[in-house]
Amino acid sequence: MKILVAGGGAAGFMAAITAAQQSPDHHVVIAEKSNQTLSKVLISGGGRCNVTHQPLDFVEFSGNYPRGSRFIKKILHEFGPEDTIKWFEQKGVKLKVESDGRVFPVSDKSESIIRCLRDQAAKYRIQIRHKYNFICCEFKSGSWEVTFNDDTTEHYDRIILAMGGFHKSVAYDLFRGMGLKVNEPVPSLFTFNSPANPITELQGISVPQARIRIEGSKLDWCGPLLITHWGFSGPAVLKLSAWGARWLAERKYEFIIFINWVANISESELRALWIGLRDSKSQATIGNYSGIAMPGRLWKYLITNSGINLESRWAELSNKAIESLINTVIRQPHKISGKKTFKEEFVTCGGIDLSEINHQTMECKKLPGIYIVGELLDIDGITGGFNFQNAWTTGYIAGKSAGSL
Ligand SMILES: Cc1cc2nc3c(=O)[nH]c(=O)nc-3n(C[C@H](O)[C@H](O)[C@H](O)COP(=O)(O)OP(=O)(O)OC[C@H]3O[C@@H](n4cnc5c(N)ncnc54)[C@H](O)[C@@H]3O)c2cc1C
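Residue positions are given per chain, counted from 1 along the sequence in the order it is written. Residue-level local features of this predicted model are given only where pLDDT is at least 70; pairs of side-chain atoms are given and counted only at 80 or more, and the full residue set underlies all totals for whole chains, interfaces and linings. For side-chain calculations, the full set of non-hydrogen atoms in the structure is used, while hydrogens and water are omitted.

## A short note on the site of the ligand
Part 1: Working definition: residue near molecule or strand if any one of its non-hydrogen atoms lies within 4 Å of it. Taken together, the neighbourhood of the ligand is formed by 31 residues, with A11, E32, F134, E375 and F388 sitting nearest.
Part 2: Between N or O atoms, a polar contact is any pair within 3.5 Å; within protein, one atom must be a potential hydrogen donor and the other a potential acceptor, and residues adjacent in sequence are included only when both atoms are from side chains. The separation between a nitrogen atom of the ligand and a polar main-chain atom of K33 is 3.1 Å.
Part 3: The separation between a nitrogen atom of the ligand and a polar main-chain atom of F134 is 3.0 Å.
Part 4: Values of accessible area rely on a 1.4 Å probe in the Shrake-Rupley scheme; residue burial ignores everything except the protein chains shown. A total of 990 Å² of accessible area belongs to the ligand in isolation, and the protein chains cover 93% of it.
Part 5: Note on conventions: DSSP H or I runs of at least 4 residues are helices, E runs of at least 2 residues are strands, and numbering of each starts at the N terminus. Elements represented by at least two residues in the shell around the ligand include exactly α1 (10–22), α2 (39–47) and α13 (386–402).
Part 6: By residue number, the principal contributor to the shell around the ligand is α2, which donates four residues.
Part 7: Polar here means any residue outside two lists: the nonpolar Ala, Val, Leu, Ile, Met, Phe, Trp, Tyr, Cys and Pro, and the charged Asp, Glu, Lys and Arg; Gly therefore counts as polar. Among the residues forming the shell around the ligand, the class breakdown is 13 nonpolar, 11 polar and seven charged.

## Observations concerning α13
Residues spaced three or four apart along an α-helix face the same direction, because each turn holds 3.6 residues.
Part 1: A rise of 1.5 Å per residue sets the reference length of α13, with its 17 residues, at 24 Å; its end C-alpha atoms lie 24 Å apart and thus fit the reference within 8%.
Part 2: A simple rule labels every residue: compare its accessible area, found with a 1.4 Å probe on the protein chains alone, to the largest value its type can have, and call it buried under 20%, exposed over 50%, or partly exposed in between. Across the 17 residues that make up α13, a large majority, 16, are buried. To estimate the expected span of a helix, count its residues, drop one, and scale the result by 1.5 Å.

## What about the sheet that holds strand β8 (residues 143–148)?
Pairing between sheet strands relies on hydrogen bonds along the backbone, with the strands arranged either parallel or antiparallel.
Part 1: Two strands form a pair only when DSSP identifies at least two bridges running between them. Judged by pairing direction, the sheet is antiparallel, and its three strands sit side by side in the order β7-β8-β9 without closing on themselves. On the outer flanks of this sheet lie β7 (134–140) and β9 (153–156), each paired with one strand and no other. Neighbour-to-neighbour, the strand axes of this sheet turn through a mean angle of 30°, independent of strand direction.
Part 2: Note that β7 and β8 share six bridges and pair antiparallel. Note that in β8 the partner of E138 across the bridge is E145. Axis definition: a line fitted to C-alpha atoms, over the contacting stretch in the case of helices. Angles run 0 to 180 degrees between N-to-C directions.

## A short note on a positive patch on the surface
Part 1: Taken together, R70, K73, K74 and K365 make up a surface patch of like positive charges.
Part 2: Along the polypeptide, K74 turns up in helix α4 (residues 69–75). A patch consists of residues exposed above 30% relative accessible area that lack any salt bridge, with like charges linked at up to 9 Å and nonpolar side chains (Val, Leu, Ile, Met, Phe, Trp, Tyr) linked at up to 5 Å. In what follows, salt bridge is the name for a side-chain nitrogen of Lys or Arg lying within 4 Å of a carboxyl oxygen of Asp or Glu. In this count, Lys and Arg are taken as positive residues and Asp and Glu as negative ones, while His and the chain termini are left out. One atom stands in for each charge, and that atom is NZ of Lys, CZ of Arg, CG of Asp or CD of Glu.

## Quick look at the sheet that holds strand β14 (residues 220–227)
Part 1: With antiparallel pairing, the seven strands of this open sheet are ordered in space as β17-β16-β13-β14-β15-β12-β18. Both edges of this open sheet fall to β17 (332–337) and β18 (339–341), since each of them pairs with a single strand only. Between one strand axis and the next, the sheet turns through 40° on average, direction left out of account.
Part 2: Pairing analysis gives six bridges linking strand β16 (residues 254–260) to β17, with the strands arranged antiparallel. From the neighbouring strand, I257 faces β17, where its bridge partner is H334.
Part 3: Along the sheet, helix α8 (residues 235–243) contacts β12 (190–193), β13 (206–214), β14 and β15 (231–233); its crossing angle with β14, the most-contacted strand, is approximately 135°. Should any heavy atoms of two residues lie within 4.5 Å, those residues are considered in contact.

## Focus on the pairing of strand β10 (residues 158–161)
Along any regular strand, the residues point their side chains to alternate faces of the sheet.
Part 1: Sheet analysis places strand β1 (residues 2–6) next to β10, joined by four bridges and oriented parallel. If you follow A6 over to β10, its bridge partner there is L161.
Part 2: In terms of strand pairing, β10 meets strand β22 (residues 370–372) through three bridges, oriented parallel. If you follow L161 over to β22, its bridge partner there is I372.

Here is the structure:
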């Protein structure tokens, strides 16, 4: 059987290797548009490749996908994070789980993952063609006739489309032309710009547990927050950008956020604490004593923004001043205007609608013999290894069904 995999990324390799494993008689070809396969794997995870996330209960694991969560939950039992870890370890790549659940090669080098995938492709005699674009396909005389960028055509029994996500809507015309429903692409996983915001002078300061809420929406996330020279970054911002990807795009990335810098303390606890300090720390200057865990420079900034003198003593603080301090510390508004990619790491929200796909095989319901995998589908996860897991899971299922006789 002749099987074409269009796209030599993580999902394409997993699909091609799994398809080739189904029978030694299969002729599997990977057609890659660029001059290098697995280029995203190489730069992923800051060059370390966050291969997957530690195995969790499927409901919890799939809760990390803003798009495609229900679909992923249905297919993880076929090839989940535990299978990914086993797959690589059985092929000699030692993996480790970091304290936040991210899984990396022990070598801390994405090359270990690339070498493993390329060795497997060589073992199963998968033909890899570079600078070879899949242009279109048509069902003719019992098989799929594929046209490539050099105008040549070839016939294949099965085709696995693994071209990844695209920024531009026009890139999906090929799939619209095949009669497939496409959800408009917008970026996910980005940081927030806050131009001319004086807080950016505190760049480099981070807090472990902040809460960010977006005005006029239900978007709200808690986690580490970092002040940068352009605005705000850190896991809380990235996660919010993923969950709010489409809502934020519709507003052209112009919105207001409210930051609670001490998300682990309730408003009433904070009020009681600071009212108590009027007695217990009456002579301490406010600028030098906060009673809470907070970087000193951020504390001084927030006091000044509350209209309180840094040199005032706790005993001198009126109820009104305490309310003003509470408001600044737990719900100061910041205007966001624009976004930036995080270490060039972004994924596409949008892509081929999951209603087009049979989740048991990854085959297109309307186009028998055509399978779709990876980020080309409308599935994306938050950071932490969830996006590669989508590539491994969907790639494996498509490879297994496309390669079955
Ligand atoms: C900088 C960066 C770091 C990341 N780090 C991580 C991480 O550590 N962990 C994680 O889980 N996720 C990470 N991600 C996300 C992850 O890389 C992607 O979700 C994943 O690579 C998607 O795999 P894919 O095979 O579907 O697509 P891709 O990896 O994008 O591969 C698609 C391939 O198809 C090729 N192609 C496109 N069109 C055609 C065509 N017409 N014909 C032939 N070939 C074509 C492309 O050139 C490409 O090689 C990162 C993303 C970026 C950008």
